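Residue-level structure breakdown
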Number of protein chains: 2
Amino acid sequence: MRAAQAVDPDRLQTRLRGLASFGAARPGDIHGGVARQALTPQELLARRWLATEFACRPGYSVGIDAAANVYIRRHGENANAAPVLTGSHVDTQPLGGWLDGAFGVAAGLEVFAALDAAGLRTHRPIETVMWTNEEGSRFAPGLMGSASYTDPARLAIFRDTADAQGVTFLQACNDAREDFSMAAREAGWRWFDAPLARPLHAYIEAHIEQGPILEARGLQVGCVTAIQGVRWYRVTVPGRSAHAGTTPDAARDDAQAKAIALAHALLEYGRAQDDAALRLTIGRWHCRPDSINTIADQVAFTIDARHPEAPVLDALEARLQAVLPAGAAIEVLQHKPTVAFDLGLVELARQACQSLALRHADMLSGAFHDAMPLAGFCPTAMLFAPSIGGVSHHPDEHTGIDDLTACARALAWCLAALAQDGNAGAADAARAGSPAFDHPDLSTPTR
Amino acid sequence: MRAAQAVDPDRLQTRLRGLASFGAARPGDIHGGVARQALTPQELLARRWLATEFACRPGYSVGIDAAANVYIRRHGENANAAPVLTGSHVDTQPLGGWLDGAFGVAAGLEVFAALDAAGLRTHRPIETVMWTNEEGSRFAPGLMGSASYTDPARLAIFRDTADAQGVTFLQACNDAREDFSMAAREAGWRWFDAPLARPLHAYIEAHIEQGPILEARGLQVGCVTAIQGVRWYRVTVPGRSAHAGTTPDAARDDAQAKAIALAHALLEYGRAQDDAALRLTIGRWHCRPDSINTIADQVAFTIDARHPEAPVLDALEARLQAVLPAGAAIEVLQHKPTVAFDLGLVELARQACQSLALRHADMLSGAFHDAMPLAGFCPTAMLFAPSIGGVSHHPDEHTGIDDLTACARALAWCLAALAQDGNAGAADAARAGSPAFDHPDLSTPTR
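Per an unreviewed UniProt entry, chain A goes by the name Peptidase M20 dimerisation domain-containing protein and belongs to Bordetella genomosp. 8.

Structural data, given as structure tokens:
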């Protein structure tokens, strides 16, 4: 409670605005959009700027791992206890908003500042992480940093992925690690080279909702129970190209007309389910030869289908198969099941909101987050702050400072409670069996 | 009848295959496709090659006008009589077939060869024209040569139109005229500089159908009564971009879903009319931002609607307006009424087929042709040869030589009849009042 009360809106806002200046499309204007893709010079500068505040402060150290994930560690009384992790990412879409990812990192650091201001020490260490390449817009797919952390074998898969300029993910990570260690040496940071897959006591991530639900219901905090499953399909409908003026209906095989009928049947089916949790989007549509007076010989469109329950998506897929015209093909581009968060951690989030008298509700996450790979690795949950108009991945992305503060307070409440948990859990046991990664003289913070 | 009987399949085929070699994508293979856009070096060579055969032959001369339309003139007994015109175009789509346009020009020249072989002289001159830029793929729109001929004011509108390399239509026409006059001087051609809008006794154009109707009905020749009207629309449907995963149905304004419903309603309406003459094509479809997991904020698609009767298209347009979602806009890109051909000339075409015992029927043209602007200028009609599978604007475009010969015979029959018509018509009267354009020593062919 003391930690939550010590969360300071001005300090949080100052840190968020400072972070938004790295990659700002219009300097000084948080609503001009932010261009700060993963491991670009702008993103590395932003990471350094955030780390600098804590890297020389007594009781703190900073680390980096092989996937260039950066950790800012607030030491605990027990150096051997598995840490509680929070954070998010500071990379953005090519032109994104100022809060997506940034809020979760800034909120974690604000909790550190609040704990320091309240003079609180915790049993366990707490770390705020900046995961690498969450967005997936420079290197595809996204979530590379958090996926590599929880499953180091993934890094071997990602390492040769190149950006549009031919720079590989491995090269960019190594450059970032070199940049970071040079900065650390020059400025005398307390730093450590962090292994992947270090055991964690828990992970809890604050993030903006990126949807309209909290705002529409007048809520301050969403306690996220799961990340909704998603299936991506590409449907390809063949036809036969012919002259629009000379070809009677009976002689036509019009790919566009068939694709429109198919898409219409699918959207009608979706509407008929009358299920508010079902999300059905046809985002891409390409026709060939794309000429006004030529009948299309091919149409390809994509389907993004989401629902927390697999049988609902199975039924949708069966319907799609049933109405598919002859010769058409369905390609599965992605098939991710719903990821449920830890029941105990979600209950802790609810308790935080109750004891802080915050208007809150359980909700699903419709978007992916770094918490998705973490959920399979340690007890995990998320806290959402409302997004005005549900807008995200856009310069207009915004949340009022009161709502951001409320979410950061709930996060502080949860982190303080988790870090005071002295019971040795599975992570502590795992940790006891692995080599210490803390530099010995950092295990007890100096003052 | 003698002219028609003298039409020779081998000679026709040889000329067509020779013509196909200019711009052939696979030399020696007429089914590799032909790349011979308007006024390109390949098209100018093709024009020269066709002109060379007749330019020094007694009784012939060749001309070019300001729009670079080329005329091969077979002189008549009466140099003052308005000529009968046939022909088509030798430009192609970026990769077109070997017969579109080429057949009409080759058929006209084959009639000349047949008349010569039969030792026939005609009262009126007959000319075979190669119209400039019919396809409209190098300079948009198409029909520039024939439209400039029938309405010279149009040339002033077209002159500054540039191709993808920035070359204007005027520059390309002037270069072609210079190329042509140089060739004429070097080879000693009998040639003339032809004015636009010279009075014509009649225009009759042979062309491949570019549709499947004649083949499906087992016919040899189509007597074209009209070119079907066409309306082109661009429909723009607005929406609001949002995340596919985080935005519930109630909060969505999905441009793609609205556009699919609209297009479906329109196509369903079209099918419900059960009118074989109605042609409805949605050829282009562009969505924005065209991302799998983002709700579209704009969709634009095109409609190509054709029917011989304007009220049918009016009703379709009214239906489109009625189902248009709020905020959506309809832009009329083209609105061309049906162009009816001359009743007398169509009857002459029927008589030709009857007397030559060719399987024929009246039909509409679904595509545009140079005969469209000509129809407002002088008595005009067209003869169609079947297209195998209805395929055109594609390397697979093909018609058997028997069908091509049948159509060329009907053309010969019509041209011979028209050129023997000694009655002074309106065109002769108009011609009598305008300055002669023939060089005096060409008015009576030398042998």
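So much for the structure itself; the text now carries on.
1. Brief notes about the overall build of chain A
Helix and strand counts for chain A stand at 14 helices and 17 strands. For chain A, the C-alpha radius of gyration of 24 Å lies close to 22 Å, the compact-globule estimate for 447 residues. With respect to the principal axes defined by its C-alpha atoms, chain A has extents near 85 × 45 × 45 Å. Within chain A, counting contacts between residues at least 6 apart in sequence, those at least 24 apart form 79% of the total. On chain A, roughly 16,200 Å² of surface is accessible, and the fraction owed to carbon and sulfur atoms is 52%.

2. Examining the nonpolar core
Residue and element names in this part refer to chain A. Membership of the largest hydrophobic core comes to 115 residues, with the highest contact counts inside it found for Leu16, Leu39, Ile72 and Phe103. In terms of residue count, helix α13 (residues 401–419) provides more of this core than any other element does, 13 residues in total. What Phe103 contacts, discounting residues up to four positions off in sequence, is Leu12, Leu16, Ala206, His207, Ile208, Ala385, Leu404, Cys407 and Ala408.

3. Some details on the side chain of Thr302 of chain B
Inspection of the secondary structure assignment puts Thr302 of chain B in strand β13 (residues 298–307). Residue classification places Thr302 of chain B among the buried positions, given a relative accessible area of 3%. Side-chain polar atoms of Thr302 of chain B contact the backbone nitrogen of Arg284 of chain B, separated by 3.1 Å. Contacts of Thr302 of chain B, omitting those with residues within four sequence positions, involve Ile292 of chain A together with Tyr233, Arg234, Thr281, Ile282, Gly283 and Arg284 of chain B.

4. A closer look at the packing of aromatic side chains
Inspection of every chain in the model, using the stated rule, returns 27 aromatic pairs over all chains. Measuring from ring centre to ring centre gives 6.4 Å for Phe180 of chain A and Trp191 of chain A, while their planes differ by 75°; the resulting arrangement is edge-to-face. One end of the pair, Phe180 of chain A, is in helix α7 (residues 169–187); the other, Trp191 of chain A, is in strand β5 (residues 191–193), with eleven residues separating them in the sequence. Between Phe139 of chain B and Phe169 of chain B the ring centres are 5.4 Å apart and the planes differ by 70°, which places this aromatic pair in the edge-to-face class. With Phe139 of chain B in the loop between β4 (126–131) and α5 (144–150) and Phe169 of chain B in helix α7 (residues 169–187), the pair connects residues that are 30 residues apart, well separated along the chain.

5. Looking at the relation of the copies chain B and chain A
Mapping chain B onto chain A leaves a residual RMSD of 0.1 Å; the transformation is a rotation of 180° accompanied by 0.1 Å of translation along its axis. Here the two chains are linked by the operation of a two-fold rotation axis. When C-alpha distances to the rotation axis are compared across chain B, the minimum falls at Ile260 of chain B, with a value of 3.0 Å. Residue by residue, 100% of the interface of chain B is reproduced at the interface of chain A, so both copies engage with the same surface.

6. Comments concerning unusual backbone geometry
In this structure, Pro289 of chain A follows Arg288 of chain A across a cis peptide bond, with omega equal to 5°. In this structure, Pro289 of chain A sits in the loop between β11 (285–288) and β12 (294–295). In this chain, Ala140 of chain B is followed by Pro141 of chain B through a cis amide linkage whose omega measures 0°. Checked against the element boundaries, Pro141 of chain B lands in the loop between β4 and α5. The residue Asp290 of chain A is not glycine, and still its phi comes out positive at about 60°. Tracing the chain through its elements places Asp290 of chain A in the loop between β11 and β12. Even without glycine at this site, Leu39 of chain B takes up a positive phi of about 60°. Tracing the chain through its elements places Leu39 of chain B in the loop between α2 (9–20) and α3 (41–55).

Rules of the game
Residues numbered from 1 in each chain as written. Chains lettered and ligands numbered in written order. Predicted model: local features only at pLDDT ≥ 70, side-chain atom pairs only at ≥ 80, totals over all residues. Heavy atoms only, no water. Helix = DSSP H or I, 4+ residues; strand = E, 2+ residues; numbered from the N terminus. Rg over C-alpha atoms; globule rule 2.2 N^0.38 Å. Contact = heavy atoms within 4.5 Å. Areas by Shrake-Rupley, 256 points an atom, 1.4 Å probe, with all protein chains shown as cover. Core = buried A, V, L, I, M, F, W, Y, C linked by side-chain atoms within 4.5 Å. Buried < 20%, exposed > 50% of the residue type's maximum accessible area, 1.4 Å probe, protein only. Polar contact = N/O pair within 3.5 Å; in protein donor to acceptor, adjacent residues only side chain to side chain. Phe/Tyr/Trp six-rings, centres within 6.5 Å; stacked < 30°, edge-to-face > 60°. Least-squares fit on C-alpha atoms with pLDDT ≥ 70 in both.

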